[in-house]
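Residues per chain, in single letters:
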Amino acid sequence: MGLFVRVAVDQPMPVLFDYRYALPDAPVVGMLVQVPFGRREVVGLICEIADSSDVPEGKLRAVTARCDGCAPLSEAWIALASFAADYYQRGLGEVALPALPQALRDASRWNRLFAVEPRFRLLPQGRAQLPDALPARAIALRRLADALANEPALALSDARALHPKASVTFDDWLARGWIETVAARVEAPGANGPALPTGAAPLPVLTDEQRDAVAAISGAQGFAPFLLHGVTGSGKTEVYLHALAALLTARPDAQALVLVPEINLTPQFEAAFRARFAALTDSSIVTMHSGLAEGERARNWLAAHTGSARIVLGTRLAILASMPKLAIIVVDEEHDPAYKQQEGLRYSARDLAIYRAKQLDIPVVLGSATPSLETWWQAEQGRYTRLTLTRRAVAEAALPAVKLIDLEEERQRGRASVDGLAGPLIAALKTRVERGEQSLVFLNRRGYAPILSCDACGWVAGCPRCSAYAVLHKPERALRCHHCGWESRIPKSCPDCGNIDIAPMGRGTQRVEETLASVVPGARVLRIDADSTRRKGSAQALFSDVHAGEVDILVGTQMIAKGHDFRRVTLVGVLNADTALFSHDFRASERLFAQLIQVSGRAGRAGLPGEVLIQTRYPRHALYLALSRQDYVGFANSTLAERRDARLPPFVYQAMLRAEGRTLEAALGFLEQAAAAFAPLPGADRVTVYDAVPLTIVKVFNVHRAQLLLESASRAALQASLRAWQPALRSLKGVLRWNVEVDPLDV
Ligand code: ADP
Ligand code: ZN
Ligand code: ZN
């Protein structure tokens, strides 16, 4: 007899671990505890409480400590983590613990995290004596004394900001009886009241379409999935803001979760939310993304967990935030591949949002100008309610005109293109600069040139560790591998034949930046890509320059394509899009279409007419024709029809087993053994196992990669057989790593 707890810990095993529980206060499900694991102490989550255990008494160890500062995670949250673990073929601990901020997962930091800060108060004796006791020049000390005189209780950290030696000083003043410590008090969370929404700026008058959308969302009862399909600039954000305002006003304790695909979009959203919900205190709107410092991450997570944060704004990881009063979820740009986590737990935040909304019986809004075909298909079947915004919200703003520049025709007519920029695009850029309007040039390739090669012997610069070319980076004067980070200096001559005429082929953002500076003289050109924004905060600074009008032409990768509300951009040029037309990945055209609609959507948002020029060799390709008609619906329906004929998602469900070995043979061998060990479940629908194949870029960092695709018309059959397969997979050897990805995006 005794008390036992079953604890989830962050281990790659789909089991809970039993521990004896002998601490004074009773255990609670959802509580964080410290437990011995192997030779270490780790933090775990109590998932069950029992009065017996199957583990032999001698092998059972005891819970070392419990985290009393942190309220237990709710059963609903544990159920969400369990679902994610189950669906994505992981252990509960592997999902639950990484979802917590680092500070909570380290028991040695609990005390500090939840300790209440000492505060100090001035006593009458101090009030009388202190001013005279301080030397006139002791400015920092005087500031301390002033702060004490003005504050009912001065926190030590605030005091330290005024004087680095505040702590020593206070010890002295305590001894003299000038000040006293104030009984500690934890600030009550959730004391933000119902005062909502009272932004300073007048609210825009909603368009009819926006009003209908808000009404539908606000009127929803229980689980209600919405697809908010709105063209770029149709004011989807305004719909979210109104829907949230209605809900948060009606229910003073309700919480809302808003997901955005990219960290760079959080500041724009945060500003909009703070401005609109000005009555909320700072800590009731919190952000959650990988760019936060650890302390802030912990504070924000706890604010969500205690319920004091009313709005959580975050990237995909925020879908697993603990929000006990969660009442609505918004997923903006739901089609964005960034919602899929590509390592560790390979989850889709969008799909988990749907599950979570269903579990909690609340509305969920998926917004996009180009919904994923998975979502579109749900709406077509009537499972999601479609809300449509067909027009731009700003009265005079129309969707931009999309025109194709036929590169072949340009060439045949002998019209000059300069280093990849066609004449009509250069002319259009010049016109914009003259008019003082902004332009945006988009190409999805960073660096100067993707290939550096020798004409004489055919040598091509490659990465020694990967089966990939090394990309030429001119400003950094380096060859870089975009897959493993390998870097070297640019050779002055061909390493094979000594020829000094080695030349870059193709172009990336750096080269286009250089070309633009020479063909559009006087233009202020700015490049935004992963290279120009490596330093923390630099992306934000660069985007501010664009908004402030200090840039004429912005060149960049998909970083500039998404969600930004650029008010002065009237021209968008697209280079190099053709490469994605003939990809072997069946989702490539869907992605390209979405990307081009998104980037086109940056033009003409504020009323000045916008224009999009796409350079292509295939001006009659169906994708471009649909694009020039701004015809998402036509594109989506014809692509869905193709997918149905070809038996591809969303009409079938897929999972991918990937293996990494020291050799390709090892990786393929592992997958072949795995395939042989795969047993279809009796009575269940068919699961097809395809042949193991090498990845397109087979070698990365000296590791060889291969994959095995599984497919079924039944999600349940696929799920069940994957689960049954796990023990066999775990027993196989011979590779460095393997993983199973459910609903893979890159096939
Ligand atoms: P989307 O996310 O649909 O691309 P946004 O939410 O960024 O569009 O809105 C585009 C622009 O329209 C923003 O500048 C926004 O302030 C403005 N806007 C939105 N709704 C209205 C409205 N009802 N009246 C006037 N302007 C609006
Ligand atoms: Zn050579
Ligand atoms: Zn490499």
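Rules used in this analysis
Residues numbered from 1 in each chain as written. Chains lettered and ligands numbered in written order. Predicted model: local features only at pLDDT ≥ 70, side-chain atom pairs only at ≥ 80, totals over all residues. Heavy atoms only, no water. Donors = N, O, S within 2.8 Å, 3.2 Å for Na, K, Ca; no water. Tetrahedral: all angles 85-135°; square planar, octahedral: opposite > 155°, others 65-115°. Helix = DSSP H or I, 4+ residues; strand = E, 2+ residues; numbered from the N terminus. Buried < 20%, exposed > 50% of the residue type's maximum accessible area, 1.4 Å probe, protein only. Pairing = 2+ DSSP bridges. Near = heavy atom within 4 Å. Polar contact = N/O pair within 3.5 Å; in protein donor to acceptor, adjacent residues only side chain to side chain. Nonpolar A, V, L, I, M, F, W, Y, C, P; charged D, E, K, R; others polar. Domains from an automatic or database assignment. Contact = heavy atoms within 4.5 Å. Axes fitted to C-alpha atoms, helices over the stretch in contact; angles between N-to-C directions. Left-handed = near helix turned anticlockwise from the far one by under 90°. Phe/Tyr/Trp six-rings, centres within 6.5 Å; stacked < 30°, edge-to-face > 60°. Salt bridge = Lys/Arg side-chain N within 4 Å of Asp/Glu carboxyl O. Arc of directions from axis to C-beta. Parallel < 35°, antiparallel > 145°, perpendicular 65-115°, else oblique.

**Student:** Mind showing me how you'd approach the coordination of the zinc ion (ligand 3) here?
**Tutor:** Reference values for coordination geometry: four tetrahedral donors around a metal ideally subtend 109.5 degrees, six octahedral donors ideally subtend 90 or 180 degrees. The protein atoms that coordinate the zinc ion (ligand 3) are C463 (SG), C466 (SG), C481 (SG) and C484 (SG), at distances spanning 2.2 to 2.3 Å. Around the zinc ion (ligand 3) sit 4 donor atoms; with metal-centred angles ranging over 106 to 112°, the donor geometry is tetrahedral. We note that the donor set of the zinc ion (ligand 3) lies within a single chain, spaced as C-x2-C-x14-C-x2-C. In this pair, C463 is assigned in the loop between β20 (451-454) and β21 (471-473) and C484 in the loop between β22 (478-480) and β23 (487-489), connecting sequence segments 21 residues apart. The residues C463 and C484 share a single accessibility class, namely buried.

**Student:** Can you walk me through the pairing of strand β1 (residues 4-8) in this structure?
**Tutor:** Side-chain positions along a regular strand alternate between the two faces of the sheet. Within β1, 4 of the 5 residues are buried, which leaves it mostly tucked inside the rest of the structure. Taken together, the 5 bridges between β1 and strand β4 (residues 40-50) define a ladder with antiparallel strand orientation. Counterpart to V5 in the pairing with β4 is I49. As defined by bridge partners, β1 adjoins strand β2 (residues 17-20) across 4 bridges and the pair is classed as antiparallel. Among the inter-strand pairings, V5 is bridged to a residue of β2, identified as Y19.

**Student:** How should the site of ligand 1 be read in this particular structure?
**Tutor:** Within the structure, ligand 1 sits among 18 residues, and V205, Q210, G233, T237 and D565 are positioned closest to it. Between ligand 1 and the protein, one listed contact pairs a nitrogen atom with a side-chain N or O atom of Q210 at 2.8 Å. No other element matches the 3 residues that helix α9 (residues 236-250) contributes to the shell around ligand 1. Classifying every residue of the shell around ligand 1 by side-chain character gives 6 nonpolar, 7 polar and 5 charged. Both of domain 3 (208-389) and domain 4 (401-448 + 507-642) provide at least three residues apiece to the shell around ligand 1.

**Student:** Explain the coordination of the zinc ion (ligand 2) to me, please; I cannot follow it from the model alone.
**Tutor:** Protein-derived ligands of the zinc ion (ligand 2) are C454 (SG), C457 (SG), C494 (SG) and C497 (SG), with the metal-ligand distances lying across 2.2 to 2.4 Å. Between the 4 donor atoms coordinating the zinc ion (ligand 2), the angles at the centre fall across 104 to 113°, so the site counts as tetrahedral. Coordination of the zinc ion (ligand 2) draws on donor residues from a single chain, spaced C-x2-C-x36-C-x2-C in sequence. Of the two residues, C457 sits in the loop between β20 and β21 while C497 sits in the loop between β23 and β24 (502-505), which places them 40 residues apart along the sequence.

**Student:** Help me understand the side chain of R643, please; the structure alone is not making it clear to me.
**Tutor:** Along the polypeptide, R643 turns up in helix α20 (residues 632-645). Its relative accessible area of 2% is what places R643 among the buried residues. Residues within four places of R643 in sequence aside, it is in contact with L373, F586, R587, E590, L648, P649, P650 and F651.

**Student:** Help me understand the sheet that holds strand β19 (residues 438-442), please; the structure alone is not making it clear to me.
**Tutor:** In a beta sheet, neighbouring strands are held together by backbone hydrogen bonds and run either parallel or antiparallel to one another. On the basis of which strands lie adjacent, the open sheet formed by 6 strands has the order β16-β28-β27-β19-β26-β25 and parallel pairing. Both outer strands of the open sheet, β16 (401-406) and β25 (525-528), are each paired with one neighbouring strand and no more. When the angles between neighbouring strand axes are averaged without regard to direction, this sheet yields 20°.

**Student:** Which parts of the structure should I look at to understand the packing of helix α8 (residues 208-218) against α9?
**Tutor:** Angle between the axes and distance between the axes are the two parameters that describe a pair of packed helices. The contact between α8 and α9 brings their axes to 9 Å, and the two run at 35°. The element α8 and its partner α9 pack so that their crossing is right-handed. Here Q210, A213, V214, I217 and S218 of α8 lie close against α9, whose contacting residues are E238, V239, H242, A243 and A246. Its residues assigned to classes, the contact of α8 with α9 comprises 6 nonpolar, 3 polar and 1 charged.

**Student:** Just to check I follow, could you spell out unusual backbone geometry for this structure?
**Tutor:** For residues other than glycine, phi is negative in most cases, and the peptide bonds are mostly trans. P650 follows P649 through a cis peptide bond whose omega is 5°. For P650, the position within the fold is in the loop between α20 and β29 (653-661). For N702, which is not glycine, the phi dihedral falls at a positive 65°. One can find N702 in the loop between β31 (693-700) and β32 (703-712).

**Student:** Whenever I open this one, the packing of aromatic side chains confuses me. Can you help?
**Tutor:** How two aromatic rings sit relative to each other is given by the distance of their centres and the angle of their planes. Here the structure, examined in full by the defined rule, presents 17 aromatic pairs. A ring pair is formed by Y87 and Y88, whose centres lie 4.9 Å apart and whose planes are at 85°; its orientation type is edge-to-face. Each ring, one from W376 and one from Y632, has its centre 5.1 Å from the other, and the planes form 85°; the classification is edge-to-face. Linking W376 in helix α13 (residues 373-380) with Y632 in helix α20, this pair joins segments that are 256 residues apart in sequence. Considered together, W376 and Y632 belong to a single accessibility category, that of buried residues. Among the aromatic residues, those joined into a ring-pair cluster are F83, Y87, Y88 and Y355.

**Student:** Would you explain the pattern of salt bridges in this entry?
**Tutor:** Opposite charge on two side chains makes pairing possible when the charged atoms of those side chains draw close. With the rule as written, the count across this model stands at 50 salt bridges. With its nearest N and O atoms 3.7 Å apart, the salt bridge here joins R617 to E408. Of this pair, R617 sits in the loop between β28 (611-616) and α19 (622-628) while E408 sits in helix α14 (residues 407-412); the two residues are 209 residues apart in sequence, bridging distant segments of the chain. Judged by its relative accessible area of 46%, R617 is partly exposed.

**Student:** Explain α8 to me, please; I cannot follow it from the model alone.
**Tutor:** Think of an α-helix as turning once every 3.6 residues; residues three or four places apart then point the same way. Taken together, the buried positions of α8 are occupied by E209, Q210, A213, V214 and I217. Seen from one end, α8 has its buried residues packed into an arc of 135°, which puts them on one side. Tucked inside the fold, the buried residues of α8 contact β9 (224-230), α9, β13 (326-331), β14 (363-368) and β15 (385-389).

**Student:** How should I be thinking about the environment of L625 in this particular structure?
**Tutor:** Relative to the elements of secondary structure, L625 occurs in helix α19. Linking L625 and V402, residues 223 residues apart in sequence, is a C-alpha distance of 9.5 Å. Look past the residues within four positions of L625 in its chain and what remains in contact with it is P619 and R620.

**Student:** Help me understand the sheet that holds β22 in this model?
**Tutor:** Read across the open sheet, the 3 strands follow the order β21-β22-β23; overall the sheet is antiparallel. The open sheet terminates on both sides in strands that have one partner only, identified here as β21 and β23. Across the sheet, the mean angle from the axis of one strand to that of its neighbour is 30°, orientation sign disregarded. Here β22 runs beside β23; their pairing, made up of 3 bridges, is antiparallel. Along β23, the bridge assignment pairs L479 with S488.

**Student:** Can you walk me through the packing of α9 against helix α10 (residues 266-276) in this structure?
**Tutor:** Look at α9 against α10: their axes get within 11 Å of each other, and the N-to-C directions meet at 40°. By the angle between their directions, the pair α9 and α10 is classed as oblique. Both α9 and α10 take part in a crossing whose hand is right-handed. Taking contact as the criterion, the partners of T237, E238, Y240, L241, H242 and L244 in α9 are, on α10, F269, A272, F273 and R276.

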